[in-house]
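# Overview (structure and organization)
Each chain is listed here by its residues.
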Amino acid sequence: MPIEILMPALSPTMEEGNLSKWLKNEGDSVAPGDVIAEIETDKATMEVEAVDEGTLGKILIAAGTEGVKVNTPIAVLLQDGESAGDIGSSKPPSSEDAAASPVANVDKEDKATVSSAGDAGEKARRSTDEPSSQADNTKVPATPKAEVAADPDIPAGTEMVATTVREALRDAMAEEMRRDQDVFVMGEEVAEYQGAYKITQGLLQEFGPQRVVDTPITEHGFAGVGVGAAMSGLKPIVEFMTFNFAMQAIDQIVNSAAKTLYMSGGQMGAPIVFRGPNGAAARVGAQHSQDYAAWYSHIPGLKVVQPYTAADAKGLLKAAIRDPNPVIFLENEILYGQSFDVPKLDDFVLPIGKARIHKQGKDVTIVSAGIGMTYAVKAELELREMGIDAEIIDLRTIRPLDFDTILASVKKTNRLVTIEEGFPQNSVGDHIASQVMQRAFDYLDAPVITVCGKDVPMPYAANLEKLALPSVADVVEAVKTVTYRG
Amino acid sequence: MATAARTSPAKAKADAKPDTQFRGTLEAPQPATLSKEQELSAYKHMLLIRRFEEKAGQLYGMGFIGGFCHLYIGQEAVVTGMKLGMREGDQMITAYRDHGHMLAMDMDPRGVMAELTGRRGGYSKGKGGSMHMFSKENKFYGGHGIVGAQVSLGTGLAFANKYRNDGSVCVTYFGDGAANQGQVYESFNMASLWKLPVVYVIENNRYAMGTSVTRSSAETVFSQRGVSFRIPGMQVDGMDVRAVKSASEYALEHARSGQGPIILEMQTYRYRGHSMSDPAKYRSKDEVQKMRSEHDPIEQVKNRMIEQGWASEEELKTIDKDVRDVVADSADFAQTDPEPDASELYTDILL
Ligand SMILES: Cc1ncc(C[n+]2csc(CCOP(=O)(O)OP(=O)(O)O)c2C)c(N)n1
Ligand SMILES: [Mg+2]
């Protein structure tokens, strides 16, 4: 039977692309590995290679067609002894086919600028049973904007610009590099490749190779080099391709960066930022999917920042670069492509160590940070429908932790739920729960519930990965429990 | 006591080989002459890897495979030739670009493909994925996602071989990029100090993600990376399965006979991007095309066989079809096998 050649997905988020060029004509013979067409996504032009041998019987989608959906048949390949007359026997293109195939998703380590699914958290990790329906736009508004409480750090009336977290991080680094010659960036693929996740896009072009430094794959070594440079007064930004790889370097982070100020009796410290994507992405398995917020928050001598919005990413990264201490800056791959309002100010710097009330409420306090906020925001919508008025606190900084804000809220709502993707034992939520118990016991009307990732390494299988992560339903359930809504 | 004698400095000095006896740079042995059967077998094995990888790429495009997927296309001669020099009991360990290694170790294509799609029939029950797959039965020790980590692990497998004195050798693969990780050198030192039976195979495919070796490495002759640990090394044409086979035999004999580790730098090339989503803008199309058309490991064998009159185009077509059938069967299995049961979430964490 003739074989249909389908429009391939060349990145996990790709849903459609342009068929820019056919490199083979009808009637040409095709061998496996031959490049038959070029397709264009919003990131790159990629080649389509033949998998099967045969003769290109019919081109179904003409060169120049835009917006071709993934898995649409684009051509028909005839095998030995078949002729164009057999084409009818192959299945006609049907949209069901496309829908029936599982669509994996979300941006990858080694990939160009890709936005992730519109709403992070569960939905962004569509699995086999949830075929994708979202367009792979570069800018996706975060939900739900109207509810975000005004940030007291942003003057009223400031003009806001929709910006992705990716752009916000880049802008923060560029602004600080313009401001201070001692700031430089180093890490794997940060310069010529423009960043494995394109966070350092354009920096090499503006600041040159002395200040935007590609390193070999030697995390322990370059983390130490960064700390040494910081001890002499430079202000390195060390990018880890992901924080999973910072485990190679954790000795230099903890033993050198965090402790030098103390051990030298205050003579010298390490004004350094370690940044990069943290936590699970999608389907990248056990070794590439860990949340290190709780790990680093254990260490005196470190500050730990974990922003959710683009505005916080920008304002806090600028603060981290200026901070005279080592700062661990935990980003998230799934948030990179999300778009938020960022104030248009010449120098927008936010205070490290201050939580932000994302939404005011009176019935329950939900505390989270980073990607965890996506669950809080979505759960809140459901809770509102059930008549529960939740207050959401975005910690933004994990260490030092802003207990004043948490305690004030708990004293008002008397109930607390925390959310994070990390492992449950000794989680950030555990620490908050114990402090709230010690400092506001009399205000609590229910035991604190900590919603976490499951106590298992991250599995690869789509169904298990979904189960391993916290869910919006977990959060709703927890809130119902602490509010005694059965 | 005996221990006093063993630690006496005079004795230690006498034991040490004079510098002149250490030759860090070895010439690669002449490429092996393969018999008809060997050529045919090498052809089938390499073709299986290539067709399997093409299929994996296709399934990725259709969304059946998620996460990272690193294809081995172009490098087939390395694992195929290495395997020809290995014997029963020898182990293999590598990084995430591991599908070819598993097929070379005679693992079932169905089990490998089903792991790629995250199904219960996969080698890790769908819990590991493309980068993390193992088979105790086939002596394949992974499948590791952290660049460089497998080098210490492979050295540890060799430590156990020596400890048990079972005559096995661990073949430990890593990339040109991984060759810059610190633990590689910590491992080299221990392996040489303790004369561990390990063969380090550096698959120099010229790039680590988007970084060419000249942009990442002060010493780009990777076979020399063991010199300060007294580990000899050689550069091998990793696109020629005959050259790899000879080097493999030499190196395995070296390690098995108690002389300690040895490094084989395989000069090879990956045709595809680093992973599925890498447009590979850091190299020219001509560079890729030149490797494909002038050095392709599979074409080399094919041309030799036709020249020798060992196989007709017809016979090769039959082999192609058989290989394609095996791959198609693995893909069918991998798409229809169910996902793991939800209860598997909590299994295999501790014993
Ligand atoms: C410790 C660590 N750092 C970074 C990465 C991300 N990463 C994955 S593969 C890779 C390139 C490795 O190149 P090489 O060793 O040459 O192997 P190849 O991919 O060419 O087979 C990088 C940087 C990782 N997985 N682990
Ligand atoms: Mg390489």
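Residues numbered from 1 in each chain as written. Chains lettered and ligands numbered in written order. Predicted model: local features only at pLDDT ≥ 70, side-chain atom pairs only at ≥ 80, totals over all residues. Heavy atoms only, no water.

### With respect to the overall build of chain B
On a plain count of helices and strands, chain B comes out with 13 helices and seven strands. Computed over C-alpha atoms, the radius of gyration of chain B comes to 21 Å, within 12% of the 20 Å expected from 2.2 N^0.38 for 351 residues, which places it in the range of a compact globule. Counting only C-alpha atoms, chain B reaches 65 × 55 × 40 Å along its principal axes. For chain B, contacts bridging at least 24 residues in sequence account for 75% of all contacts bridging at least 6. Each charge class in chain B was averaged separately, 42 positive and 45 negative side chains, and the resulting centres sit 4 Å apart. (Helix = DSSP H or I, 4+ residues; strand = E, 2+ residues; numbered from the N terminus. Rg over C-alpha atoms; globule rule 2.2 N^0.38 Å. Contact = heavy atoms within 4.5 Å. Lys, Arg positive; Asp, Glu negative; His and termini not counted. Charge placed at Lys NZ, Arg CZ, Asp CG, Glu CD.)

### Concerning the environment of lysine 318 of chain A
All names here are of chain A. Along the chain, lysine 318 falls in helix α8 (residues 310-322). We classify lysine 318 as buried; its relative accessible area is 1%. C-alpha of lysine 318 to C-alpha of methionine 177: the two residues are 141 residues apart in sequence and 9.9 Å apart in space. Ignoring sequence-local partners within four residues, the contact set of lysine 318 consists of Ala172, Glu175, Glu176, Asp347, Phe348 and Val349. A polar atom in the side chain of lysine 318 sits 2.9 Å from the side chain of glutamate 176. Of the polar contacts made by the side chain of lysine 318, one reaches the side chain of aspartate 347; its length is 2.9 Å. (Buried < 20%, exposed > 50% of the residue type's maximum accessible area, 1.4 Å probe, protein only. Polar contact = N/O pair within 3.5 Å; in protein donor to acceptor, adjacent residues only side chain to side chain.)

### Regarding the interface of chain B and chain A
Residue-level contacts link 60 residues of chain B with 60 residues of chain A. Carbon and sulfur atoms make up 56% of the area that chain B and chain A hide from each other, which totals about 4800 Å². Where chain B touches chain A, the interface holds six salt bridges. In this structure, the salt-bridge partner of glutamate 38 of chain A is lysine 285 of chain B, at a minimum N-O distance of 3.3 Å. For the pair chain B and chain A, the number of links is 18 residue pairs in polar contact (both at pLDDT 80 or more). Listing elements by their share of the side of chain B that touches chain A, those giving two or more residues are α3 (36-61), α6 (109-116), α9 (213-216) and α11 (285-295) of chain B. The element contributing the most residues to the side of chain B that touches chain A is α3 of chain B, with six residues. Residue classes in the side of chain B that touches chain A are distributed as 20 nonpolar, 24 polar and 16 charged. (Buried area = accessible area lost by both parts, 1.4 Å probe. Salt bridge = Lys/Arg side-chain N within 4 Å of Asp/Glu carboxyl O. Nonpolar A, V, L, I, M, F, W, Y, C, P; charged D, E, K, R; others polar.)

### A closer look at a nonpolar patch on the surface
Residue and element names in this part refer to chain B. A contiguous nonpolar surface patch, about 580 Å² in accessible area, is contributed by Phe159, Tyr163, Met190, Leu193 and Trp194. Every element with two or more residues in the nonpolar patch is listed here: α7 (149-164) and α8 (182-193). Tracing the backbone through its elements, the reader meets leucine 193 in helix α8. Residue class for leucine 193 comes out exposed when judged on its relative accessible area of 58%. (Patch = residues over 30% accessible without salt bridge, like charges linked within 9 Å, V, L, I, M, F, W, Y side chains within 5 Å. Areas by Shrake-Rupley, 256 points an atom, 1.4 Å probe, with all protein chains shown as cover.)

### A closer look at the confidence of the model for chain A
The share of residues in chain A with pLDDT of 70 or more is 86%, and the mean pLDDT across the chain is 87. Note that residues 90-141 of chain A has pLDDT below 50 and, in this model, 173 contacts with residues that lie over four places away or in other chains. (pLDDT = per-residue confidence, 0-100.)

### Regarding the confidence of the model for chain B
Residue and element names in this part refer to chain B. When pLDDT is averaged along chain B, the result is 94; 94% of the residues meet or exceed 70. Across residues 1-14 the pLDDT falls below 50, and counting only partners more than four positions away or on other chains, this stretch makes one contact in the model. The complex prediction reports pTM at 0.88, with the ipTM value standing at 0.92.

### With respect to the site of ligand 1
Lining the immediate environment of ligand 1, one finds 23 residues, of which Glu219 of chain A together with Tyr96, Arg97, Gly145 and Ala178 of chain B sit closest. Ligand 1 sits at the junction of chains A and B, each of which supplies nearby residues. Burial of ligand 1 by the surrounding chains reaches 97%, relative to a free accessible area of 580 Å². Grouping the constituent residues of the shell around ligand 1 by class yields ten nonpolar, eight polar and five charged. (Near = heavy atom within 4 Å.)

### Details of the environment of leucine 381 of chain A
All names here are of chain A. Turning to its location among the elements, leucine 381 is positioned in helix α9 (residues 372-385). Under the relative-accessibility criterion, leucine 381 is labelled partly exposed at 36%. For the pair leucine 381 and serine 339, spaced 42 residues apart in sequence, the C-alpha separation works out to 19 Å.

### So, the pattern of salt bridges
Residues and elements named next belong to chain A. Scanning the model with the defined rule gives 50 salt bridges over all chains in all. Here lysine 303 ties to aspartate 323 by a salt bridge, and the two come within 2.7 Å at their closest N and O atoms. Note that lysine 303 is positioned in strand β15 (residues 303-305) and aspartate 323 in the loop between α8 and β16 (327-331), a separation of 20 residues in sequence. Taken together, the salt bridges that share partners define one network made up of Asp151, Asp153, Asp312, Lys354, Arg356, Asp394 and Arg396.

### Describing the UniProt feature "domain: Dehydrogenase E1 component" (unreviewed entry) in chain B
The sites that UniProt annotates as "domain: Dehydrogenase E1 component" (unreviewed entry) are residues 45-342 of chain B. As annotated, residues 45-342 of chain B comprises 46% helix and 10% strand, and the C-alpha atoms at either end are separated by 36 Å. (UniProt positions renumbered as here; feature names shortened; annotations may be inferred.)

### Remarks on the sheet that holds strand β2 (residues 16-22) of chain A
All names here are of chain A. If you walk across this open sheet you meet the four strands as β5-β4-β2-β7, and the pairing is antiparallel. Each edge of the sheet is formed by a strand with only one pairing partner; in this case those strands are β5 (45-49) and β7 (65-69). Put simply, the sheet's adjacent strands are angled 40° from each other on average, direction ignored. Bridge count for β2 against strand β4 (residues 35-40) is four bridges, and the pairing is antiparallel. Looking at the pairing, leucine 19 lines up with isoleucine 39 of β4. (Pairing = 2+ DSSP bridges. Axes fitted to C-alpha atoms, helices over the stretch in contact; angles between N-to-C directions.)

### Some details on the coordination of the magnesium ion (ligand 2)
Residues and elements named next belong to chain B. Bound to the magnesium ion (ligand 2) are the protein donor atoms Asp176 (OD), Asn205 (OD1) and Tyr207 (O), situated 2.1 to 2.2 Å from the metal. Summarised as a motif, the one-chain spacing of the donors to the magnesium ion (ligand 2) is D-x28-N-x1-Y. Taken together, the positions of aspartate 176 in the loop between β2 (170-175) and α8 and asparagine 205 in the loop between β3 (198-204) and β4 (207-208) put the pair 29 residues apart, joining distant regions of the chain. (Donors = N, O, S within 2.8 Å, 3.2 Å for Na, K, Ca; no water.)

### Here's the deal with the sheet that holds strand β8 (residues 73-78) of chain A
The strands making up a sheet are joined through hydrogen bonds of the backbone, oriented either antiparallel or parallel. All names here are of chain A. Taken in spatial order, the four strands line up as β1-β8-β6-β3 in an open sheet, and their pairing is antiparallel. The open sheet is flanked by β1 (3-6) and β3 (29-30), the only strands paired with a single partner. Here strand β6 (residues 54-59) pairs with β8 via four bridges, running antiparallel. Within the sheet, the bridge partner assigned to isoleucine 59 lies in β8 and is alanine 75.

### Overview of the packing of α9 of chain A against helix α13 (residues 472-482) of chain A
Residue and element names in this part refer to chain A. Close contact between α9 and α13 brings their axes to 9 Å; oriented N to C, the two are set at 55°. Regarding the angle of α9 to α13, the classification is oblique. The two elements α9 and α13 cross, and the hand of that crossing is right-handed. In this structure, α9 uses Tyr375, Lys378, Ala379, Glu382 and Leu383 to contact α13, whose residues at the interface are Val472, Val475, Val476 and Val479. Classifying every residue of the contact of α9 with α13 by side-chain character gives seven nonpolar, no polar and two charged. (Parallel < 35°, antiparallel > 145°, perpendicular 65-115°, else oblique. Left-handed = near helix turned anticlockwise from the far one by under 90°.)

### Considerations on the packing of aromatic side chains
Residue and element names in this part refer to chain A. Taken as a whole and assessed by the stated rule, the structure comprises 18 aromatic pairs over all chains. Through a chain of ring-to-ring contacts, the aromatic side chains of Phe222, Phe240, Phe243, Phe274, Tyr292, Trp295 and Tyr296 assemble into a single cluster. The ring of tyrosine 460 is capped by arginine 283, whose NZ or CZ atom sits 4.2 Å from the centre of that ring. (Phe/Tyr/Trp six-rings, centres within 6.5 Å; stacked < 30°, edge-to-face > 60°. Lys NZ or Arg CZ within 6 Å of the ring centre and 35° of its normal.)

### Re unusual backbone geometry
In this structure, the amide linkage connecting arginine 399 of chain A to the following residue, proline 400 of chain A, adopts the cis form with an omega of 0°. As for its position among the elements, proline 400 of chain A is in the loop between β21 (397-399) and α10 (403-413). The residue after glycine 142 of chain B, namely glycine 143 of chain B, is reached through a cis peptide bond having omega 25°. Positive phi values are uncommon outside glycine, yet glutamate 189 of chain A reaches one of about 65°. For glutamate 189 of chain A, the position within the fold is in the loop between β11 (183-187) and α3 (203-207).

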